Amino acid sequence: MFAIGPVAFATPWLLLGLLALPILWILLRAVPPAPLRRRFPGVALLLGLEDPESETDKTPWWLLLLRALAVAAMIVGFAGPVLTPTERDPGSGPLLILSDGSWASARDWGARIERIDALLDEAIRDERPVALVSLTDLPPGELVFGPPDAVQSVLPGFEPAPWVPLEDDISDWLGGIGQTAFDSFWVSDGVDRPYRETLLTGLEDRGVVRVFESPRAVFGVVPPMIDNGTVVVPVLRSPPAEARDATVVARGPGPNGIVRELARVTATFEAGGTEAEARFDLPSELRNRITRFEMLSQTTAGAVALADDGLRRREIALFTGREDREGLELLAPLHYLRRALEPTADLLELSLADALPANPDVVVLADVAQLSDAEADGIAEWVERGGLLLRFAGPRLAASDVSRTEEDRLMPVRLRAGGRTVGGAMSWGEPKALRPFAPESPFFGLSIPEDVRVSAQVMAQPDPSLPERVIASLADGTPLVTRKKLGAGQVVLIHVTANAEWSSLPLSGLFVQMLERLAVSSAPAALDAEALAGTAWVPDQILGPYGTLEDAGSLPGIAGEVLAEAPLGPEVPPGLYSGEDRRLARNVLTAQCTLQPAIWPDRIDVEGLAADREGSLVLNFRRAALACRAVEVLAALWLAGR
């Protein structure tokens, strides 16, 4: 590379074209021979006329200078001028440009693309074939090296992914790229990954490895947790540094439906600390509207935590009618419901006339037989608008005439008179266990404890529509839970009591899981494959690499166990997923995640954002040539009187 002061040229032989400028100057200054003078009498007729357009007999020197400068700038531009060229050994042979391509790379993706573009310019001058690979989108088969200018053309579409590379995928890719020797330039995201050591060893076996890494800190937001009614959002950073504040914002729809900021809290990192907490103490109405938490000034998918139904605190109206057994708390119809729902819901124990105007999410009737016409009409209208009516059986319901001869609109099935008792002194048979849940049941996939037994129940009348309304049954096939649609809502009947009088179901963890599947309870627990087994989920909104929510489009549905356990990737992108009655979020970070800085061996040359870089002047000189040409055209028009 030929250098003149701080400017060097990639193809200096093109500068020989500057020697032709004096010849061009002489040619442009050339004047055609003077015309012969001949007298013609008719010329007298032209006397006194003025020509509005005039032409000079010689080209002005300054116009010639503009033309010469335009040509000179074009010649210098094609010679590939470079400002402050760095002292480097020109490489030879293939070059692999490798990017982590993870969500952590998105925080300064523009700087990474600029560095890759400069590296491709160097490869063009050195005539090196190049391959560009992202670890989050690994190409199959052996590496294919091509012209660097071809790689440069696809660089605008090179983007990070909202997940992290997978160790197994990298091991498979490394074993299939062949044994061709090549140098590597690794664009690191700065976060320690389990695959780094193996991948670094494999790359060093094939050639020299250089690393580009931003010194800026990486921040992440962990999904929210509930602590005594307070929403706690953990915030992570890497590497440890001095004390600083991080602002976390809760966003959700306002009264007009437009997403806006609902609350903001400052989390403080201590000096040398890597974890902090943002604690939101919000009323239930505001908390239920939150759809995401994000850290200000951080534009990555990891700095966003999506909120699902696990954060939402439901309003549940409990109604049991007349209490006949005061003082016997364990026999109270609502005791076990209160224990199951109080940690995650706001319970309304009011009269139906007072509870329905509050528009609760769920209304629970525990052994309620008789309702007034006004109460029945109010509940039916509320269910048709999308509410969930959950009913439990009991002695009063079994002894009543509700839904006997014809199906009651607030009951999913017709009932036999008197109910059924098993396992007692005056009955036949032993207490019944539960039958495994059918695939079409919302409880499918839940494990049934061996000690759950049913000793009494209300019986459903045989009916053509009965099989499709049964969502849980006993081992002998009799219905245990039935359900029907009513308008936009649904009515569910559990054929045993809400207490332990007729069954041991309320004493088991299955009871809470069944309530959760019915969208009555919404525990903010971690995704569990066993709890989600048998369910199907459709992507609703997908989280992009820069922390923006995008429409999921036509992405296919995902099985519940896959959604819970599969690592994030193209098949399971981070975002919000909708089930039959619930929404779940897959976030980039989980409660078990930590952020640790990448540590490179001393033998590896690590380059940061502050490294000296060559500045290409090609576009500058070409723009100057076009500017001179534009001024020259305007000047020529002006001299011609136009």
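To keep things clear, this report deals only with the structure shown in the data block. (Residues numbered from 1 in each chain as written. Predicted model: local features only at pLDDT ≥ 70, side-chain atom pairs only at ≥ 80, totals over all residues. Heavy atoms only, no water.)

**Description of the sheet that holds strand S7 (residues 209-213)**
Strands belonging to one sheet form pairs held by backbone hydrogen bonds; the direction of such a pair is parallel or antiparallel. Definition in use: At least two DSSP bridges between two strands are needed for those strands to be called paired. Secondary structure elements are defined from DSSP: runs of H or I of at least 4 residues count as helices, runs of E of at least 2 residues count as strands, and each element is numbered from the N terminus. An axis is simply a line fitted to the C-alpha atoms; with a helix, the fit covers only the stretch in contact. Between two such axes, the angle follows the N-to-C directions and lies from 0 to 180 degrees. Pairs of residues are marked as contacts when any of their non-hydrogen atoms sit within 4.5 Å.
The strand order S5-S4-S6-S7-S30 describes an open sheet built from five strands, whose pairing is parallel. Each having just a single partner strand, strand S5 (130-134) and strand S30 (605-607) make up the two edges of the open sheet. Adjacent strand axes in the sheet meet at a mean angle of 20°, parallel and antiparallel pairs treated alike. In the sheet, S7 pairs with S30 via three bridges, with the strands oriented parallel. Note that in S30 the partner of Arg 210 across the bridge is Asp 605. In the packing of helix H6 (residues 196-204) onto the sheet, the strands contacted are strand S4 (95-99), strand S6 (183-188) and S7, and the crossing angle to S6 comes to about 155°.

**Thoughts on the nonpolar core**
Basically, it comes down to this: To define a nonpolar core, start from buried Ala, Val, Leu, Ile, Met, Phe, Trp, Tyr and Cys residues and group those joined through side-chain atoms within 4.5 Å. When a residue's accessible area, from a 1.4 Å probe over protein chains only, is under 20% of the maximum for its type it is buried; when over 50% it is exposed; and in between it is partly exposed.
Counting residues in hydrophobic clusters, the biggest one holds 49 residues, and the most contacted among them are Leu 337, Leu 390, Phe 443, Val 481 and Val 520. For this core, the leading source of residues is helix H13 (residues 509-517), giving four residues. Setting aside its immediate chain neighbours within four residues, Leu 390 contacts Val 362, Val 363, Val 364, Leu 365, Val 492, Ile 494, Leu 515, Leu 518 and Val 520. Of all hydrophobic cores here, the second largest spans 25 residues; its members include Ala 250, Ala 263, Phe 280 and Ile 290.

**Thoughts on the packing of helix H5 (residues 167-175) against H6**
Each pair of packed helices can be described by the angle between their axes along with the distance between the axes. Our working rule: Throughout, the term roughly parallel applies to angles under 35 degrees, roughly antiparallel to angles over 145, roughly perpendicular to angles from 65 to 115, and oblique to all others. Note on residue classes: Ala, Val, Leu, Ile, Met, Phe, Trp, Tyr, Cys and Pro are nonpolar, Asp, Glu, Lys and Arg are charged, and everything else, Gly too, is polar.
The N-to-C vectors of H5 and H6 enclose an angle of 10°; their axes lie 10 Å apart at closest approach. The orientation of H5 with respect to H6, classified from their angle, is roughly parallel. Residues Ile 170, Trp 173 and Leu 174 of H5 form the contact with H6, whose own contacting residues are Thr 198, Leu 199 and Gly 202. Of the residues that constitute the contact of H5 with H6, the class distribution is four nonpolar, two polar and no charged.

**Some points on the sheet that holds strand S22 (residues 470-473)**
Reading across from one edge, S17-S16-S18-S19-S24-S23-S22 is the order of the seven strands in this open sheet, with mixed pairing throughout. With one partner strand each, in any of the chains shown, strand S17 (345-348) and S22 form the two edges of the open sheet. The sheet shows a mean angle of 20° between the axes of neighbouring strands, taken without regard to direction. Sheet topology places strand S23 (residues 479-486) next to strand S24 (residues 489-494); six bridges connect them, and they run antiparallel. Bridging from a neighbouring strand, Lys 485 pairs with Gln 490 of S24.

**Let's talk about a negative patch on the surface**
Applied cut-off: The patch calculation keeps residues exceeding 30% relative accessible area without a salt bridge and links them within 9 Å when they carry like charges or within 5 Å when they are nonpolar (Val, Leu, Ile, Met, Phe, Trp, Tyr). Areas reported as accessible are Shrake-Rupley estimates using a 1.4 Å probe. Residue values count occlusion only from the protein chains shown. The rule for a salt bridge is simple: a side-chain nitrogen of Lys or Arg has to be within 4 Å of a carboxyl oxygen of Asp or Glu. As used throughout, the charge tally considers Lys and Arg to be positive and Asp and Glu to be negative, leaving His and the chain termini uncounted. Think of each charge as sitting on NZ of Lys, CZ of Arg, CG of Asp or CD of Glu.
Together, Glu 167, Asp 168, Asp 169 and Asp 172 make up a negatively charged patch on the protein surface. With respect to the helices and strands, the residue Glu 167 is situated in helix H5. Exposure remark for Glu 167: the relative accessible area of 36% places this residue in the partly exposed category.

**Things to note about unusual backbone geometry**
Note that the residue after Ser 238, namely Pro 239, is joined by a cis bond; omega there is 0°. Positive phi outside glycine occurs at Ser 297, with the angle close to 70°. Mapped onto the fold, Ser 297 is located in the loop between strand S14 (292-295) and strand S15 (304-306). Among the residues examined, Ser 297 registers a relative accessible area of 62% and is labelled exposed. A positive phi angle, near 55°, is found at Asp 367, a position not held by glycine. Looking at where Asp 367 falls in the secondary structure, it is placed in the loop between strand S18 (362-366) and helix H10 (373-384).

**Focus on the pairing of strand S8 (residues 218-221)**
In S8, alternate side chains face the same way, and those of Val 218 and Gly 220 on one face and Phe 219 and Val 221 on the other are all buried. When S8 meets strand S10 (residues 230-238), the two strands line up antiparallel, connected through four bridges. Paired with Val 218 across the strands is Ser 238, a residue of S10.

**A look at the environment of Pro 94**
Here Pro 94 shows up in the loop between strand S3 (81-83) and S4. Taking the relative accessible area as the measure of exposure, Pro 94 reaches 21% and is therefore partly exposed. Placed 33 residues apart in sequence, Pro 94 and Glu 127 show a C-alpha to C-alpha distance of 9.4 Å.

**A short note on a nonpolar patch on the surface**
On the surface, Trp 61, Trp 62, Leu 65, Leu 69 and Trp 638 cluster together into a nonpolar patch covering about 580 Å² of accessible area. With four residues, helix H2 (residues 61-78) is the largest single contributor of residues to the nonpolar patch. Looking at the secondary structure, you find Leu 65 in helix H2. A residue is classified by how much of its surface remains accessible, and Leu 65, at 36% relative accessible area, is partly exposed.

**Regarding H2**
Note the following rule: To estimate how far a helix should reach, multiply one less than its number of residues by 1.5 Å.
With 18 residues, H2 should reach 26 Å at 1.5 Å per residue; the first-to-last C-alpha distance of 26 Å fits that figure. Restricting attention to buried positions, one finds in H2 the residues Leu 63, Leu 64, Leu 66, Ala 68, Ala 70, Ala 72, Ala 73, Ile 75, Val 76 and Gly 77.

**A look at the pairing of strand S13 (residues 275-280)**
On S13, burial follows the alternation: Ala 276, Ala 278 and Phe 280 on one face are buried, whereas Glu 275, Glu 277 and Arg 279 on the facing-out side are not. The pairing of S10 with S13 spans six bridges and is classified as antiparallel. By the bridge assignment for S13, Val 232 is matched with Arg 279.

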